[in-house]
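Residue-level structural notes
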Amino acid sequence: MTFEGRVAIVTGAGGGLGREHALALAKRGAKVVVNDLGGARDGSGGSATAAEAVVAEIVAAGGEAMANAASVTDAAAVQSMVDEVMAKWGRVDILVNNAGVLRDKTFAKMELEDFRFVVDVHLMGAVNCTKAVWEIMRTQNYGRIVMTTSSSGLYGNFGQSNYGAAKMALVGFMQTLSIEGAKNDIRVNCLAPTAHTRMTEDLGAALPLEKLGPDMVTPGLLYLVSDDAPSRCILAAGAGGFERAYVTLTQGAFIAGDDAPEQVAARFSEISDRTGEIVPDMGAAQGMIELSKAQKAHG
């Protein structure tokens, strides 16, 4: 798997998973933009030092890279970063939306500003970066984009309502972009990592951290941004394990009449039965399936 001639932007690449992704892409031939605000885990502060250190590693190994300290929440700064990349290298093939912050608290104790800020960084940060490269990729008829989602979004996690909401929103973003980008060979996927980084350091003994190196996740990322990448995939990765998550739809049941609420309650096990469940091609599939049930019920 080679990335010779490819240009990649990796956000949040000053440490942890982003750094590992950037180093791996560079090692396999990509020119890499190492973007990192250089702030604290909660998003405060900022410095280009972290990004510059990763660039120095790449250059020392014989690769080509440039540092950028734009905040992904600043659409104008993101656009300036992409303009600089285009002026220097003339294309953008890969975007890895990896930048993130944590402001964990139970919902009861969480300030709305902390909820809003986490959503802004994870969701709107990915939107800003993706918007800045979307037309470039459409013109090239080539693009590979990865959103970094999380099991906290897919399945929930105590104290992370803001983080989980943002991470699940990225799945919805990916679902639609993968449809809209298909005709221009823009493949969009999600990566749900489990890794020992600054973002997970508080978990302590809850996880065997020595087995959760970021390097165990990056092979999955490389596949998702390769020439032969799938599209519309949610790939989970950690400790050398790789799994795929799906948003599915059960076959359900047709219910109508004055006692419909009582029927829903009485037949909820049937509605929930996963036998024959499907992964819809698009959101409209739900309505078509429901109309089909209605038509069958009415002969």
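Located above this text is the structure these notes cover.
Below: a short report on this structure. (Residues numbered from 1 in each chain as written. Predicted model: local features only at pLDDT ≥ 70, side-chain atom pairs only at ≥ 80, totals over all residues. Heavy atoms only, no water.)

1. Describing the overall build of the protein chain
A tally of helices and strands in the protein chain yields 10 helices and 8 strands. Taking 2.2 N^0.38 as the reference for a compact globule, 299 residues should give roughly 19 Å; the C-alpha atoms of the protein chain span a radius of gyration of 21 Å, in line with that estimate. Taking contacts inside the protein chain between residues at least 6 apart in sequence as the whole, the part at least 24 apart equals 70%. In the structure as shown, the protein chain presents an accessible area of about 14500 Å², 55% of it carried by carbon and sulfur atoms. Of the charged side chains in the protein chain, 26 are positive and 34 negative, and the gap between their average positions amounts to 4 Å. (Helix = DSSP H or I, 4+ residues; strand = E, 2+ residues; numbered from the N terminus. Rg over C-alpha atoms; globule rule 2.2 N^0.38 Å. Contact = heavy atoms within 4.5 Å. Areas by Shrake-Rupley, 256 points an atom, 1.4 Å probe, with all protein chains shown as cover. Lys, Arg positive; Asp, Glu negative; His and termini not counted. Charge placed at Lys NZ, Arg CZ, Asp CG, Glu CD.)

2. Some thoughts on the pairing of strand β8 (residues 241–245)
Where strand β7 (residues 234–238) meets β8, 5 bridges bridge the pair, whose relative direction is antiparallel. Opposite alanine 236, over in β8, you have glutamate 243 as the bridge partner. The antiparallel pairing of β7 with β8 creates a hairpin that spans 2 residues between the two strands, and alanine 239 there sits at a positive phi of about 55°. (Pairing = 2+ DSSP bridges.)

3. What to know about the pattern of salt bridges
The full count for this structure, using the stated rule, is 11 salt bridges. One salt bridge in this structure joins aspartate 185 and arginine 187, with 2.8 Å as the shortest N-O distance. What makes aspartate 185 partly exposed here is its relative accessible area of 24%. Here the salt bridges share partners, and the residues they tie into one network are Arg6, Arg91, Asp93 and Asp227. (Salt bridge = Lys/Arg side-chain N within 4 Å of Asp/Glu carboxyl O. Buried < 20%, exposed > 50% of the residue type's maximum accessible area, 1.4 Å probe, protein only.)

4. Topic: the environment of valine 92
In this structure, valine 92 sits in the loop between α3 (75–89) and β4 (94–97). Classification of valine 92 by relative accessible area gives buried; the value is 0%. Residues valine 92 and glutamate 180, 88 residues apart in the sequence, show an inter-C-alpha distance of 18 Å. For valine 92, the residues in contact, after removing those within four places along its chain, are Val7, Ile9, Val85, Met86, Val133, Ile136, Met137 and Gln140.

5. A short note on the nonpolar core
Within the largest apolar cluster, 42 residues are counted, with the highest numbers of intra-cluster contacts made by Ile9, Val85, Ile145, Met147 and Val188. Breaking this core down by element, the ones donating at least two residues are β1 (7–11), α3, α4 (112–140), β5 (143–148), α6 (161–181), β6 (186–193) and β7. The biggest single contributor to this core is α4, with 11 residues. Grouped together as the second largest cluster of nonpolar side chains are 31 residues, Val10, Ala13, Val96 and Leu222 included. (Core = buried A, V, L, I, M, F, W, Y, C linked by side-chain atoms within 4.5 Å.)

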